[in-house]
Amino acid sequence: MIDRHSVLGLILARGGSKGLLCKNVRELAANPLIAWTIETGHELEYLDQLILSSDDEEIMTVAEEYDCEVPFQRPAELA
């Protein structure tokens, strides 16, 4: 919260990477790459809510395993 205003953290993670396939769910130092972003978001003192927007079910599943809210699956055409 900043000056009595709620702060939303939004992580955008598109599936279908062209350079490195499935990069968001690949492990880096024993955690999926997206987990590092989620854990950093949880550590930020000003964020009141952290959500992930993705078109990829595997990324969404990993995000939920790391206690990130995934309120909906983004349509592929908006990715």
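Since this is a predicted model, take the numbers as computed values, not measurements. (Residues numbered from 1 in each chain as written. Predicted model: local features only at pLDDT ≥ 70, side-chain atom pairs only at ≥ 80, totals over all residues. Heavy atoms only, no water.)

Participant: Describe the side chain of Ser17, with residues and values.
Facilitator: Within the secondary structure, Ser17 sits in the loop between β1 (8-13) and β2 (27-28). Its relative accessible area of 11% is what places Ser17 among the buried residues. A polar side-chain atom of Ser17 sits 2.9 Å from the main-chain carbonyl oxygen of Leu20. When near neighbours in sequence (up to four residues on either side) are disregarded, Ser17 contacts Cys22 and Lys23. (Helix = DSSP H or I, 4+ residues; strand = E, 2+ residues; numbered from the N terminus. Buried < 20%, exposed > 50% of the residue type's maximum accessible area, 1.4 Å probe, protein only. Polar contact = N/O pair within 3.5 Å; in protein donor to acceptor, adjacent residues only side chain to side chain. Contact = heavy atoms within 4.5 Å.)

Participant: Explain a nonpolar patch on the surface to me, using residue names and the numbers behind them.
Facilitator: On the surface, a cluster of nonpolar side chains totalling about 260 Å² of accessible area is made up of Leu28, Leu33 and Trp36. Among the structural elements, Leu28 can be located in strand β2. (Patch = residues over 30% accessible without salt bridge, like charges linked within 9 Å, V, L, I, M, F, W, Y side chains within 5 Å. Areas by Shrake-Rupley, 256 points an atom, 1.4 Å probe, with all protein chains shown as cover. Salt bridge = Lys/Arg side-chain N within 4 Å of Asp/Glu carboxyl O.)

Participant: Could you give an account of helix α1 (residues 33-43), naming the residues involved and the relevant values?
Facilitator: Along an α-helix, residues three or four positions apart point the same way, because every turn accommodates 3.6 residues. Of the residues making up α1, those classed as buried are Ile34, Ala35, Ile38 and Gly41. Burial along α1 is one-sided: seen end-on, the buried residues are contained in an arc of 120 degrees. (Arc of directions from axis to C-beta.)

Participant: Tell me about the environment of Ala76, and name the residues and values.
Facilitator: Structurally, Ala76 can be placed in the segment after α2 (57-65). Ala76 sits in the exposed class, given a relative accessible area of 55%.

Participant: Describe the pairing of strand β4 (residues 49-54), listing the residues and the values that go with them.
Facilitator: Burial analysis of β4 places five of its six residues in the buried class, the great majority of the element. In this sheet, β4 lies alongside β1 in parallel orientation, the contact comprising six bridges. Within the sheet, the bridge partner assigned to Gly9 lies in β4 and is Leu50. (Pairing = 2+ DSSP bridges.)

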